[in-house]
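Listed below are the residues making up each chain.
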Amino acid sequence: MKPTLIAKVVVDVRTKALNRPFDYVVPEGVKADTGYRVLVSFGRQLTQGYVVGFEAPPQTEREDRKLKPILSVLDDQPILSAELLAMCNWLTDRYVCTMLEAIQSVLPGAFRTVTRDKYVCTQKALHQWLRDEREATAGDSDEGDGDGGDGDGGDSDAEVNDNTGLHDANALPAAILQLLRTLGRKPLSAEQLIARLGPEVMLQLPQAISLGLVTEVFTQRDKVNDRFEAFLTTDLSSEQLAAEVLRRERRAPKQYRLLQRLLQSGLAERPVSVSALGVRPSDAAVQALIHSGVLGMTQEQVFRDEAWLSQLALASGGKGAKRELTDWQKRALGVITRSLDTKQKQVVVLHGVTGSGKTEVYMQAIDACLTVGRSAIVLVPEISLTPQMVERFTSRFGQTVAVMHSALSAGERKDGWVRVLQGLARVVIGARSAVFAPVVNLGLVVVDEEHEPSYKQEETPFYDAREVAEWRANYHGTVVVYGSATPSLEAMAKVESGRALLTTLPERINQSPMPAVEVVDMREELKSGNRSLFSRALQSGLESCMEAGHQAIVFLNRRGYSAFVLCRNCGERIQCPNCDISLTLHRGQSGDWLSCHYCQYRADVPDTCPACGEQAMRPFGIGTEQVEEHLHRNWPHWRILRMDVDTTRRKGSHHELIHRFERGDADILLGTQMVAKGLDFPNVAFVGVISADTMLAVPDYRANERTFNLLTQVLGRAGRAETTGLTVIQTYRPDHYAVLAAAHHDYGSFYRREKELREAFDYPPYQELSLFLATHAQVNIAKGAAARFERELKRRLSPADATVLSASPSGIGRLENRFRYQVVVKYSQWETVKSSLQEAYAIVSDKMVRLGGTCVLDVNAGRM
Ligand SMILES: Nc1ncnc2c1ncn2[C@@H]1O[C@H](COP(=O)(O)OP(=O)(O)OP(=O)(O)O)[C@@H](O)[C@H]1O
Ligand SMILES: [Zn+2]
Ligand SMILES: [Zn+2]
């Protein structure tokens, strides 16, 4: 036998924690290379895998090493480059996740070709357990009666021989039997099964599969196919074409008109899409022109995201026009472009006050990067919250932009990704996961609003896009720019220790002054008899803003009508039955209701207190709905747009609200933190903060930083153009340093105070903090898992290496009927604690999975 190559394949099987590649033989003629997706069989399943490397064939042929072959290759180019694979390896190491989890974070969902979309009973199950049901459904013996006829290539290895030793229904757990009955002869998807039998069915399925009673039916094809279209081409020059046009004017008017349109569409320079012309490829005039040799026709891949981009660029008008830089901007740009040439990783912190023109600096830095043939990634906190930014980029950079946007269809997203992979798009803009974009020759990563929490992923793998950006910058020897009006403590710690350069934009564009800020002490308002939501300063500020014909922003970081409902008689709060959290009151046209913002539980508002029976239930704590109601009541003629999670659920609605405000269709934009960030409305002259205290009250050491950031952001929306800005902050804590520093636009004083506190209490960034969290429906199991984790860690780590805090209930002790226990670990060197954390986590999580619970390890959880 000839020695064959052995491929290392990461298989797409999530049910087990299989954190290693498996060996497969590459049959002759199969072109599997590193970074390709392949189809393999694994256990009883047919599954997709990713080739991550190769092994030389074994020197001695050993009979017992019977490897399965790779069945087919699913790509015609590698979709994971050497860089991306190295990055995935690093992700597994840094965030304690599996290679599969890393790969799945990196690839768009549309690349998960093989879908295990239906479950079906095997012959064995049918023969042995389901005779009764069989009579009812009598008929064929095939698996899966198809699902929309897209040619499933799967088969349900119909084994008749029984080797499980189970001979009568009594030997099967009742739940499994019920699963078999439900499946009967009809294949069902996981979703359908959950709908009928509850989520526990996901635990029984693997068991039923391993007993050979249930199998999966596959649909083997890309979730999203590439799209091809017919294009018309020509070998003629534009003069020759013009002559051909003239010749047809009388003789063939249809061909004449078609050719003329083709000429206008630039046929002489590039192929023109047939469908864009609104004709069919079989059209007589098209065929005649092909026949006479004037035209040719080819099939080319069209990228679905490009149409969306062109639309956006059109809609954005002149927003992308290049500006002459101010001196400060020039200086900042210089710091960035000089670092582009050093061939070394360089971090640049761009600290620019709100409205100082950071975006223009990013764009010109990208220009510099494109000029030397490199690509750029721009990260924004939430892409749907930054339509103005996206418009500016698409309008400036045109089709070389790829937007990684959740509003795009799976096909559009996949095509955008492929354009980046092929080097057709060289500027990527998107939220957190855009940091994984397969750009060719990365030259620059911009992280806009670097201080935002959304750069940290809140589920496995708990990666931080900023760390990933730095990893990639290191790989390519290039620059990461952290832009912010309120740089995070982490960014500043880098500057102070010489790991980053600092450059500042201390002034607004056109030297517009920073807005004037008035801090109102709401206790004083009460004392002087004002019981309204609005202080006198806020009222008069709004009124004069409206009188002058300007627009205003009103900010409150809490949605709903009121925070909770409380009994005035006995103090009872209405809680969510599934979570340890108060229900929020909402008020709509059809009346009031209560809702849990964590599990979406809904209930009516009780007339009487469920605890004492008194009619004394009252709403407490203001939310945006209540502010809207009071604004309407006091000033019925003002046009108000409310923007929060509840008014922006529909896709595109957020964008629509922003455009309506931008067009001047409303006077006041009221909302949660959505109104605070990145918006650039020249006509906004007044900003009112209903309460700074909602943010300060959060029990988290980061609450002060978060408050300072949000206040600075939202105040910064006022007076950005010619109008002078006026702002009011209402609070019960007027002398809190975060409030005062924001009011004085004084980043420095906030930073020094906050740094002192963090250092004193060993909080990040002076120590790193990781969080273990166990959840289970039974409190003892959750608690036990956390306690075990704590023990395992303490056995491995000395107090000098790390501080391991005792297992304790997490901030919200129960969510969706699952109890939550945590262990916090603080340390200064990840490398010292890494293997201990990995080991302890593996021990506890393996056990927890078997017990039907979950646990996660959030590495660097302190990163906001
Ligand atoms: N050099 C310039 N000349 C004239 N206008 C400029 C210049 N640079 C930027 N602008 C304009 O100034 C406004 C504010 O700029 P930009 O939105 O980039 O600020 P920013 O620093 O990103 O603000 P924020 O952090 O508050 O979102 C924009 O309307 C932008 O078009
Ligand atoms: Zn009561
Ligand atoms: Zn709930």
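Residues numbered from 1 in each chain as written. Chains lettered and ligands numbered in written order. Predicted model: local features only at pLDDT ≥ 70, side-chain atom pairs only at ≥ 80, totals over all residues. Heavy atoms only, no water.

- In the nomenclature of an unreviewed UniProt entry, the chain is known as Replication restart protein PriA of Alicyclobacillus mengziensis.
- Its UniProt record, at the heading Function (unreviewed entry), says of the chain: "Initiates the restart of stalled replication forks, which reloads the replicative helicase on sites other than the origin of replication. Recognizes and binds to abandoned replication forks and remodels them to uncover a helicase loading site. Promotes assembly of the primosome at these replication forks."
- Reading the Sequence similarities (unreviewed entry) entry of the UniProt record for the chain gives the comment "Belongs to the helicase family. PriA subfamily." (UniProt positions renumbered as here; feature names shortened; annotations may be inferred.)

1. Describing helix α12 (residues 304-315)
Working step 1: Arg-304, Asp-305, Leu-309 and Leu-312 are the residues of α12 that are buried. On an axial view of α12, the arc spanned by its buried residues comes to 130 degrees, and they lie on one face. Relative to its buried face, α12 has exposed residues pointing more than 90 degrees away, namely Ala-307, Gln-311 and Leu-314.
Working step 2: Buried residues belonging to α12 abut β8 (227-233), β10 (296-302), α15 (387-397), β13 (401-404), α16 (410-421) and α22 (653-662). (Buried < 20%, exposed > 50% of the residue type's maximum accessible area, 1.4 Å probe, protein only. Helix = DSSP H or I, 4+ residues; strand = E, 2+ residues; numbered from the N terminus. Arc of directions from axis to C-beta. Contact = heavy atoms within 4.5 Å.)

2. A short note on the environment of Gln-600
Working step 1: Mapped onto the secondary structure, Gln-600 falls in the loop between β22 (591-595) and β23 (602-603).
Working step 2: In this structure the C-alpha to C-alpha distance between Gln-600 and Arg-250, which are 350 residues apart in sequence, comes to 69 Å.

3. Examining the confidence of the model for the chain
Working step 1: Of all residues in the chain, 91% have pLDDT values of 70 or greater, and the mean over the chain is 87.
Working step 2: Segment residues 133-167: pLDDT under 50, and 52 contacts once partners within four positions in sequence are set aside and those in other chains are kept.
Working step 3: Here the prediction assigns the complex a pTM of 0.81, and the interface score ipTM is 0.97. (pLDDT = per-residue confidence, 0-100.)

4. Structural notes on the coordination of the zinc ion (ligand 3)
Working step 1: Protein coordination at the zinc ion (ligand 3) comes from Cys-576 (SG), Cys-579 (SG), Cys-596 (SG) and Cys-599 (SG), with a distance range of 2.2 to 2.3 Å.
Working step 2: In the primary structure, the donors to the zinc ion (ligand 3) are separated according to the pattern C-x2-C-x16-C-x2-C. Of the two residues examined, Cys-596 and Cys-599, each falls in the buried class. (Donors = N, O, S within 2.8 Å, 3.2 Å for Na, K, Ca; no water.)

5. Things to note about the packing of aromatic side chains
Working step 1: Within this structure, the stated rule accounts for 19 aromatic pairs.
Working step 2: Between Trp-90 and Trp-471, the ring centres sit 6.0 Å apart and the planes meet at 25 degrees, which makes this aromatic pair stacked. Here Trp-90 is found in helix α1 (residues 82-95), whereas its partner Trp-471 is found in helix α17 (residues 465-476), with 381 residues between them in sequence.
Working step 3: Geometrically, the ring pair formed by Phe-772 and Phe-789 is stacked, given 4.1 Å between the ring centres and 5 degrees between the ring planes. Remark: Phe-789 occurs in helix α27 (residues 779-796) and Phe-772 occurs in strand β29 (residues 768-776); sequence separation between them is 17 residues. As far as the burial class goes, Phe-772 and Phe-789 line up, both buried.
Working step 4: The rings of Phe-708, Tyr-737, Tyr-747, Phe-750 and Tyr-751 are connected pair by pair, giving a single aromatic cluster.
Working step 5: Here the guanidinium or amino end of Arg-94 rests over the ring plane of Trp-830, the centre of that ring lying 5.1 Å away.
Working step 6: Taking NZ or CZ as reference, Lys-826 lies 4.5 Å from the ring centre of Tyr-763, over its face. (Phe/Tyr/Trp six-rings, centres within 6.5 Å; stacked < 30°, edge-to-face > 60°. Lys NZ or Arg CZ within 6 Å of the ring centre and 35° of its normal.)

6. A look at the nonpolar core
Working step 1: Residues Phe-772, Phe-789, Val-825 and Leu-837 are the most contacted members of the largest nonpolar core, which totals 77 residues.
Working step 2: The contact partners of Phe-772, leaving out residues within four places of it in the chain, are Ala-785, Ala-786, Phe-789, Tyr-821, Gln-822, Val-823, Tyr-841, Val-844, Cys-855, Val-856 and Leu-857.
Working step 3: Counting 39 residues, the second-largest nonpolar core is a separate cluster that includes Met-643, Leu-710, Ala-718 and Ala-741. (Core = buried A, V, L, I, M, F, W, Y, C linked by side-chain atoms within 4.5 Å.)

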